[in-house]
Amino acid sequence: MHLSRRTLLAAAPATAAASLTTAAGTAQAATTRQGRLVRWSGAGWGLGSHDGTRVSSQGLYLSAARRSTTYRDPHAGRTLTQGVASWTGPVTAVGISARDLVCSWNASTQPGSAVRIQLRARTAAGTWTKWFVVGLWGSSSANATSPARTSVNGQYDSLAVVSTDTLRARTSAHFTHVQARLELLRTAGTTAMPIISQLAVVGSTAAQSSTLVSPVGVARGLALDVPAYSQMMHIGHYPAWNGGGEAWCSPTSTAMVLDHWGAGASSAETAWVRPTPHIDPQVEQVVRGVWDAAYQGTGNWPFNVAYASARGLAGFVTRLRSLTEAELFIKAGIPLIVSTSFSSSQLTGAGFGTNGHLMVLRGFDARGNVLVNDPASQMKASNALVRRTYDRAQFESAWGRTGGTSCVLHPKGHALPPRPAGAAW
């Protein structure tokens with residue numbers, strides 16, 4: 001269903017560290033979309049119920065498997081016997097009437113371990129959806145003891161449907177409450193230890209066909225020195241992964257932000273990439289680490305966040321209300337990976353149209369226009385073309401069409417910006 005959400009339409013028009021923290025969303029003058037983010041970490045794990053899980057300074061971990069299950073991996077073609085422990089979070093108010101819910105997590109999973117993330121939601125009438133699986137995650141590639149990393153297709157009931165990484169309301173009865181459940185999995189015969197340090201859920205209202213431009217804020221004239229990588233340099237590389245670089249906007253953006261923070265792949269880690277020498281092989285390394293076997297793509301938002309967290313960063317998926325809010329992250333030194341949608345005439349200078357494309361927002365010029373690293377810039381294989389300046393109003397609308405979807409990645413010791421009332425972080 002989402003296979004084309006983050007693909008390019010070449011030159012063609014397209015129609016809580018210590019506790020539970022919440023951030024309610026309210027409308028601003030420049031936009032009517034709303035969002036709320038709920039996060040669990042640290043002492044916040046104590047708000048849920050434990051069945052074989054415990055909490056350490058590193059996060060929630062599997063202490064003792066409470067049951068055993070047999071998992072037939074449809075993607076790797078093998079059967080695994082797994083011990084299971086679980087954590088079930090409290091019923092939590094979303095704070096808005098949410099059409100969409102997106103879950104993201106920070107985790108470390110050794111070979112032989114994985115985590116299954118589940119979500120359910122409640123409407124204002126008090127009716128619950130069923131439990132949905134929103135991801136089976138493992139940091140390691142599938143091997144003899146690890147399941148394939150995957151979303152789960154074909155999940156729905158009368159109230160909701162899962163579209164890869166998003167739980168979406170099927171009716172006008174949107175969601176007012178949410179509950180999460182984590183299953184920590186260990187393959188029989190291994191001593192692998194899955195650990196989850198943070199879980200986040202963002203609820204949001206509908207995306208917009210266009211968005212009023214927001215006032216220029218605190219990041220006027222600020223630019224972060226994020227390295228520039230073109231996904232087009234990788235066209236035809238490893239075509240089994242969704243055809244190669246032309247579809248790799250998300251992992252290319254993740255690779256840029258990882259290297260910005262010094263958390264990217266080393267030359268030893270990328271020694272497998274062919275041919276050699278290879279330009280920016282760290283892009284292929286991210287592709288391999290975020291590949292979603294069911295989606296058959298690399299654009300699963302939570303998987304990119306989870307991959308970065310396994311490399312030492314903290315992060316979450318959220319929905320921001322305006323570029324004025326995004327400027328607070330730039331002021332704090334944090335680039336954002338943002339999702340956009342535009343036709344070839346709606347974003348001057350891009351050189352293409354897309355129904356979903358990821359790029360790195362790295363700053364603003366003196367007039368408040370947007371400085372980005374666009375991995376598909378001009379649809380040309382050139383790192384020199386990646387750094388672009390886009391018109392603020394045009395970019396705000398392109399971003400608003402995805403509901404202001406943003407991936408926030410930062411070192412654990414790097415503080416997030418102060419949060420305005422109603423902001424979703």
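Higher on the page you've got the structure.
Novice: Would you mind going over the overall build of the protein chain with me for this structure?
Specialist: Summing up its helical and strand segments, the protein chain has five helices and 22 strands in all. Here the protein chain has a C-alpha radius of gyration of 20 Å; the compact-globule value for 425 residues is 22 Å, and the two agree. If one aligns the C-alpha atoms of the protein chain with their principal axes, the spans along those axes are about 60 × 55 × 40 Å. In the protein chain, which comprises 425 residues, the proportion classed as buried is 58%. Summed over all atoms, the accessible surface of the protein chain reaches about 14900 Å², with 53% contributed by carbon and sulfur. Counting 36 positive and 19 negative side-chain charges, the protein chain places the centres of these two groups 6 Å from one another.

Novice: Please explain the packing of helix α2 (residues 282–290) against helix α3 (residues 301–310) as it appears in this structure.
Specialist: Each pair of packed helices gets described by two things: the angle between the helix axes and the distance between those axes. Packing of α2 against α3 leaves a shortest axis separation of 9 Å and a crossing angle of 115°. When the axis of α2 is compared with that of α3, the two are roughly perpendicular. α3 is crossed by α2, and the crossing has right-handed handedness. Here Gln285, Val286, Gly289 and Val290 of α2 come into contact with α3, specifically with Phe303, Asn304 and Tyr307. Class assignment of the residues belonging to the contact of α2 with α3 gives a composition of four nonpolar, three polar and no charged.

Novice: Can you walk me through helix α5 (residues 392–400) in this structure?
Specialist: Helical periodicity: at 3.6 residues per turn, an α-helix aligns residues three or four positions apart in one direction. Counting buried positions over the nine residues of α5 gives seven, a clear majority of the element. Among all positions in α5, only Arg392, Phe395, Glu396, Ser397, Ala398, Trp399 and Gly400 are buried. Looking at the buried residues of α5, the elements they touch are α4 (323–331), β18 (336–342), β19 (353–364), β20 (370–373), β21 (387–390) and β22 (405–411). Two to three positions downstream of the cap, the backbone nitrogen of Ala393 sits 3.1 Å from a side-chain oxygen, assigning the N-cap of α5 to Asp391.

Novice: When you look at the nonpolar core in this model, what are you seeing that I'm missing?
Specialist: Soluble globular proteins tend to bury their nonpolar side chains together. In this structure, Leu101, Leu199, Leu361 and Phe395 are the most contacted members of the largest nonpolar core, which totals 99 residues. No other element matches α3, which puts six residues into this core. Apart from residues lying up to four places away in sequence, Leu199 is in contact with Val38, Arg39, Trp40, Trp45, Trp87, Cys103, Ser104, Trp105, Ile117, Ala180 and Leu182. Judged by nonpolar contacts, the second largest core, of five residues, contains Tyr71, Val84, Ala114 and Leu185.

Novice: Looking at this structure, how should I read unusual backbone geometry?
Specialist: Most peptide bonds are trans, and most residues other than glycine sit at a negative phi. With an omega of 0°, the peptide bond between Arg274 and Pro275 qualifies as cis. Position of Pro275 among the secondary structure elements: in the loop between α1 (249–260) and α2. Cis geometry is found at the peptide bond from Thr276 to Pro277, where omega equals -5°. Assignment of secondary structure puts Pro277 in the loop between α1 and α2. If you check the backbone angles, Asn242 has positive phi at about 60° while not being a glycine. Summarising the element assignment, Asn242 is placed in the loop between β16 (195–204) and α1. Here Asn242 falls in the partly exposed class, since its relative accessible area comes to 27%.

Novice: Can you help me understand the pattern of salt bridges in this one?
Specialist: As a working rule, side chains carrying opposite charge can pair if their charged atoms are close by. Following the criterion strictly, the structure yields nine salt bridges and no others. Salt-bridge contacts for Arg168 lead to Asp100; the nearest nitrogen and oxygen are separated by 2.8 Å. You can see Arg168 sitting in strand β14 (residues 166–169) and its partner Asp100 sitting in strand β10 (residues 100–108), a full 68 residues away along the chain. Residue classification places Arg168 among the partly exposed residues on the basis of a relative accessible area of 24%. Note that Arg116 is salt-bridged to Glu183, the shortest N-O span being 2.7 Å.

Novice: Looking at this structure, I do not really get the packing of aromatic side chains. What am I missing?
Specialist: To describe a pair of aromatic rings, one takes the distance between the centres and the angle between the planes. Applying the stated criterion to the full structure yields 10 aromatic pairs. A centroid spacing of 5.4 Å and a plane angle of 50° characterise the contact between Phe342 and Phe352, whose relative ring orientation is tilted. Of this pair, Phe342 sits in strand β18 while Phe352 sits in the loop between β18 and β19, placing them 10 residues apart in sequence. Here Phe342 falls in the buried class, since its relative accessible area comes to 1%. Looking at Phe352, the relative accessible area reads 0%, which means it is buried. Pairwise contacts between aromatic rings join Trp40, Trp45 and Trp87 into one cluster. The cationic tip of Arg39 hangs over the ring face of Phe316; the distance from NZ or CZ to the ring centre is 5.0 Å.

Basis of the calculations
Residues numbered from 1 in each chain as written. Predicted model: local features only at pLDDT ≥ 70, side-chain atom pairs only at ≥ 80, totals over all residues. Heavy atoms only, no water. Helix = DSSP H or I, 4+ residues; strand = E, 2+ residues; numbered from the N terminus. Rg over C-alpha atoms; globule rule 2.2 N^0.38 Å. Buried < 20%, exposed > 50% of the residue type's maximum accessible area, 1.4 Å probe, protein only. Areas by Shrake-Rupley, 256 points an atom, 1.4 Å probe, with all protein chains shown as cover. Lys, Arg positive; Asp, Glu negative; His and termini not counted. Charge placed at Lys NZ, Arg CZ, Asp CG, Glu CD. Axes fitted to C-alpha atoms, helices over the stretch in contact; angles between N-to-C directions. Parallel < 35°, antiparallel > 145°, perpendicular 65-115°, else oblique. Left-handed = near helix turned anticlockwise from the far one by under 90°. Contact = heavy atoms within 4.5 Å. Nonpolar A, V, L, I, M, F, W, Y, C, P; charged D, E, K, R; others polar. Polar contact = N/O pair within 3.5 Å; in protein donor to acceptor, adjacent residues only side chain to side chain. Core = buried A, V, L, I, M, F, W, Y, C linked by side-chain atoms within 4.5 Å. Salt bridge = Lys/Arg side-chain N within 4 Å of Asp/Glu carboxyl O. Phe/Tyr/Trp six-rings, centres within 6.5 Å; stacked < 30°, edge-to-face > 60°. Lys NZ or Arg CZ within 6 Å of the ring centre and 35° of its normal.

These results come straight from atomic positions and should not be treated as a statement about function.
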